[in-house]
Amino acid sequence: MLIRRPPDIPSSEITPERVFLDRRSFIRHAALGTAAAALSPSTLSGTRHTAPQDPRFSELESELGEPVNAWTEITTYNNFYEFGTAKEDPHRNSGSFRPRPWTVRIEGHVNNPGDYELDDFLAPHRIEDRVYRMRCVEAWSMVIPWRGFPLGDLVRRVDPTGDARFVEFTTIVRPDEMPGQRTGVLPWPYVEGLRLDEAMHPLTMLVTGVYGVDLPNQNGAPLRLIVPWKYGFKGIKSIVSIRFVEEMPMTTWWAANAREYGFYANVNPEVDHPRWSQARERRIGELRRRETLMFNGYANQVGQMYADLDLTRWI
Amino acid sequence: MTARSVRRLKVLMWVSALAPAAWIAGGTFRGWLGVNPIEKVTHVTGLSALVLLLLTLAVTPVRRMARWNRLIQLRRPLGLFAFFYAFLHFSIWMALDLGFQLSWISEDIMERPYITVGFTAFVLLIPLAVTSTRGWIRRLGRRWATLHRLVYITATLGVIHFYWLVKADTSLPLLFAGILTLLLASRIGPWHEKRKRRQAASARRRQQLSTG
């Protein structure tokens, strides 16, 4: 008999449905500090972030006029298998993860390799907020106000040599703090990669925050990748190594199932996942599905990079 | 097994079988279904249907091994609860996930193998639910048992449906597959014996005829 235990949320944390359904105007109109704290599901743990205090973020829209998703949606519904495979697992299981101190290693075919302490790593960069659509390969999507800087700025700073054609990213391995890594559901560490031109594209971001605050653990603290025209799994989280390489890196999902997940993973409504349609998606917070846009709506900016690529073969 | 313990077991079964539905109803009002409630409700109803189907299939072997004849009284309600959740699961998919768009529905059924098998499993459950009444049992006679062997196919397709839809963590579908295999295998021995007995009986009859 299946009896699902309700999540461990004290009743004081549960948002009344009326408020939940009307959350955007609620956030707009309510007294800010207390309202945001009352809405937040993540005040449970000291290491997790309280809801952002700056109400302007929930007012943000994408360039297509889509409102951003709620903080609760962005921080309680995550795919981060290092903390478990269920959507609530990362929020629930990432409380003991320590995103500081943190060191990022730059290695491979690059003129300025080295181990960088995170603050030194970030210091030269101008941090900005950007609203991007996020489309998961599982056919759901959100609109998220990220905070970070263009990966291209970093690439120019560390100065790859002529041999560098791809960039390979690696997630930290800490089975003590990441219960999912104590299972064999994926081969660890998680590895992702980009072609050098994709890494240099101005839309590609290294992200340190969301909603104007530092990334919560479940969203990939303290440093993650965002490539908005690709499926979400390309956005590797909790990055500890950025390596410039000659060969196309073998990325985690590609290695796990090459028939279903490829190196490119460009959002493409015309190429279905072998098991489900990619033509439509459910925007979290909406009832009806909406049409998925080519390259997740960024075709004008990125389409030319793939002019010579057979997108049905290079999934 | 006394009549009283069966009654207790029945109460337990009703409460447990209704628990997922109550959980969904509660979550709808109290917001614990998460930020993608359609997905959550689809998963809970699908999982409930599968678990109940396996429990239905467990009745006969347990009854036989523990010699709890009265356990048979649980089989029909368990099966009907399985159908109830399968129906909810199917309806949510059709109404909320695909919004009754016939072209999307037919595309899904035709082109996505995990939906093809899941849909087939559901369709095969319909005649079983319909013919679960006393009237139908009487009307169909021996053919009723034959018809209801469809449940073996439904359960198998249901587990395949589950296995095919998960992305990476196949541990739960594999556990279900293991349990189903055991439940089906437990029927081979008795089935074999019954056949042998029947053959022996007919041999005896033939002998009586020839000697008589």
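The rules behind these values
- Residues numbered from 1 in each chain as written.
- Chains lettered and ligands numbered in written order.
- Predicted model: local features only at pLDDT ≥ 70, side-chain atom pairs only at ≥ 80, totals over all residues.
- Heavy atoms only, no water.
- Helix = DSSP H or I, 4+ residues; strand = E, 2+ residues; numbered from the N terminus.
- Expected span 1.5 Å × (residues − 1).
- Buried < 20%, exposed > 50% of the residue type's maximum accessible area, 1.4 Å probe, protein only.
- 1 Å grid on protein atoms, 1.4 Å probe; cavity = no way out; pocket = protein on both sides within 12 Å on 5 of 7 lines; lining within 4 Å.
- Points joined across faces, edges and corners; volume = space filled by probe spheres on them.
- Patch = residues over 30% accessible without salt bridge, like charges linked within 9 Å, V, L, I, M, F, W, Y side chains within 5 Å.
- Areas by Shrake-Rupley, 256 points an atom, 1.4 Å probe, with all protein chains shown as cover.
- Salt bridge = Lys/Arg side-chain N within 4 Å of Asp/Glu carboxyl O.
- Lys, Arg positive; Asp, Glu negative; His and termini not counted.
- Charge placed at Lys NZ, Arg CZ, Asp CG, Glu CD.
- Contact = heavy atoms within 4.5 Å.
- Buried area = accessible area lost by both parts, 1.4 Å probe.
- Polar contact = N/O pair within 3.5 Å; in protein donor to acceptor, adjacent residues only side chain to side chain.
- Nonpolar A, V, L, I, M, F, W, Y, C, P; charged D, E, K, R; others polar.
- Pairing = 2+ DSSP bridges.
- Axes fitted to C-alpha atoms, helices over the stretch in contact; angles between N-to-C directions.
- pLDDT = per-residue confidence, 0-100.
- Core = buried A, V, L, I, M, F, W, Y, C linked by side-chain atoms within 4.5 Å.
- Phe/Tyr/Trp six-rings, centres within 6.5 Å; stacked < 30°, edge-to-face > 60°.
- Lys NZ or Arg CZ within 6 Å of the ring centre and 35° of its normal.

Peer 1: How should helix α2 (residues 37-66) of chain B be read in this particular structure?
Peer 2: Residue and element names in this part refer to chain B. When the terminal C-alpha atoms of α2 are compared, their 41 Å separation across 30 residues agrees well with the 44 Å that a helix rising 1.5 Å per residue should span. Among the 30 residues in α2, 21 count as buried, and that is most of the element. Trailing α2 by a residue or two, R67 shows a phi angle of about 55°, which is positive.

Peer 1: Looking at this model, I keep getting lost on empty space enclosed by the protein. Mind explaining?
Peer 2: Using a probe with the size of a water molecule, rolled over the atoms, empty space left in the structure can be pinpointed. Residue and element names in this part refer to chain A. The full count for this structure, using the stated rule, is 3 cavities of 30 Å³ or more. Estimates place the volume of the largest cavity at around 330 Å³. As for the largest cavity, its lining consists of 25 residues, of which N79, F80, R224, G232 and K237 are closest to the centre. Among the elements that take part in the lining of the largest cavity, strand β4 (residues 140-150) stands out by supplying 4 residues, more than any other. If you add up the space inside the second largest cavity, you get close to 180 Å³. Forming the boundary of the second largest cavity are 17 residues, of which Y231, E260, N266, V271 and I315 lie nearest the centre.

Peer 1: I'm lost on a positive patch on the surface in this one. Help?
Peer 2: Residue and element names in this part refer to chain B. A surface patch of like charges, here positive, comprises R64, R142, R149, K194, R197 and R198. Among the elements that line the positive patch, the one with the most residues is helix α10 (residues 188-211), at 3 residues. With respect to the helices, strands and loops of the structure, R197 is situated in helix α10.

Peer 1: Would you mind going over the interface of chain A and chain B with me for this structure?
Peer 2: The accessible area lost on association of the parts is a frequent measure of interface size. Taken together, the contact pairs 36 residues of chain A with 34 residues of chain B. Between chain A and chain B, roughly 3,200 Å² of surface is buried when both sides are summed, and carbon and sulfur atoms account for 56% of that area. If you look at where chain A meets chain B, you find 5 salt bridges. We note a salt bridge from R112(B) to D272(A), for which the minimum N-O separation is 3.3 Å. Our enumeration of links across chain A and chain B arrives at 11 residue pairs in polar contact (both at pLDDT 80 or more). No other element matches the 3 residues that helix α4 (residues 71-76) of chain A contributes to the side of chain A that touches chain B. The residue inventory of the side of chain A that touches chain B, partitioned by class, reads 15 nonpolar, 8 polar and 13 charged.

Peer 1: Got a minute to help me understand the layout of surface pockets in this structure?
Peer 2: All names here are of chain B. By volume, the second largest pocket amounts to about 1,500 Å³. Lining of the second largest pocket is provided by 39 residues; of these, T60, R75, W144, A145 and Y152 occupy positions nearest its centre. Of all the elements in the fold, those that place two or more residues in the lining of the second largest pocket are α2, α3 (75-97), α5 (113-130), α6 (134-140), α7 (142-148), α8 (150-165) and α10. No other element matches the 8 residues that α10 contributes to the lining of the second largest pocket. Residue classes in the lining of the second largest pocket are distributed as 17 nonpolar, 8 polar and 14 charged.

Peer 1: I'm lost on the sheet that holds strand β10 (residues 239-245) of chain A in this one. Help?
Peer 2: Two pairing modes exist for strands in a sheet, parallel and antiparallel, and in both the strands are linked by backbone hydrogen bonds. All names here are of chain A. Strand order in the open sheet formed by 5 strands is β2-β1-β10-β5-β6, and the pairing between neighbours is mixed. Single-partner strands in this sheet number two, and they are β2 (114-117) and β6 (191-195). If you compare each strand with its neighbour and ignore which way they point, the axes differ by 20° on average. Across the sheet, helix α7 (residues 151-158) lies against β1 (103-108), β2, β5 (166-171), β6 and β10, angled at about 60° from β10, the strand it touches most.

Peer 1: Looking at this model, I keep getting lost on the pairing of β2(A). Mind explaining?
Peer 2: In the case of a regular strand, side chains alternate between the two sheet surfaces. Residues and elements named next belong to chain A. Bridge analysis of β1 against β2 gives 4 bridges, and the strand direction is antiparallel. By the bridge assignment for β2, T103 is matched with E117. The antiparallel hairpin formed by β1 and β2 contains 5 residues in its connecting segment.

Peer 1: How should the confidence of the model for chain B be read in this particular structure?
Peer 2: The predicted coordinates ought not to be read in detail in places where the model reports low pLDDT. Residues and elements named next belong to chain B. Per-residue confidence for chain B gives a mean pLDDT of 92, with 99% of residues at or over 70. When the elements of chain B are averaged for pLDDT, α10 gives the smallest value, 85, and helix α9 (residues 171-185) the largest, 96. Here the predicted complex carries an ipTM of 0.79, next to a pTM of 0.82.

Peer 1: Explain the pairing of β1(A) to me, please; I cannot follow it from the model alone.
Peer 2: Two strands pair when backbone bridges link them, and β1(A) and β10(A) are joined in this way by 4 bridges, in the parallel orientation. Across the sheet, R105(A) pairs through a bridge with S241(A), a residue of β10(A).

Peer 1: I keep staring at the pattern of salt bridges and nothing clicks. Help me out?
Peer 2: For side chains bearing opposite charge, pairing can occur when the charged atoms are close. Residue and element names in this part refer to chain A. For the structure shown, the criterion picks out 31 salt bridges over all chains. Here E138 makes a salt bridge to K87, at a shortest N to O gap of 2.9 Å. Here K87 lies in the loop between α4 and α5 (89-93) and E138 lies in the loop between β3 (128-135) and β4, a separation of 51 residues in the sequence. Among the residues examined, K87 registers a relative accessible area of 11% and is labelled buried. Through salt bridges that share partners, E63, E66, R133, R135, E281, R283, E286 and R290 make up one connected network.

Peer 1: Help me understand the nonpolar core, please; the structure alone is not making it clear to me.
Peer 2: Across soluble globular proteins, nonpolar side chains show a tendency to be buried alongside one another. Counting 82 residues, the largest nonpolar core has I106(A), F121(A), W146(A), L206(A), I242(A) and F244(A) as the members making the most contacts within it. Ranked by residue count, the leading element in this core is β4(A), at 6 residues. If you look at the next biggest cluster of nonpolar residues, it comprises 40 residues, including M13(B), A49(B), F90(B) and L183(B).

Peer 1: What is the right way to look at the packing of aromatic side chains in this model?
Peer 2: Think of a pair of aromatic rings as described by two things: how far the centres are apart, and how the planes are tilted against each other in angle. Residues and elements named next belong to chain A. As enumerated under the stated definition, the model contains 27 aromatic pairs over all chains in all. Centroid distance F166 to F263: 5.7 Å. Interplanar angle 85°. Geometry classified as edge-to-face. Placement of the pair is F166 in strand β5 and F263 in the loop between α9 (252-256) and β11 (280-283), with a sequence separation of 97 residues. Exposure class is identical for F166 and F263. Each is buried. Summarising the aromatic geometry, the rings of Y264 and Y306 are spaced 6.0 Å apart at their centres and angled 90° between planes, so their arrangement reads as edge-to-face. Highlighted residues: Y264 in the loop between α9 and β11 and Y306 in the segment after α10 (299-302), separated in sequence by 42 residues. Taking the relative accessible area as the measure of exposure, Y306 reaches 3% and is therefore buried. Ring pairs connect the aromatic residues F166, W254, F263, Y264, F295, Y306 and W314, which therefore count as one cluster. K234 extends its terminal NZ or CZ atom over the ring of F263, reaching a point 4.3 Å from the ring centre.

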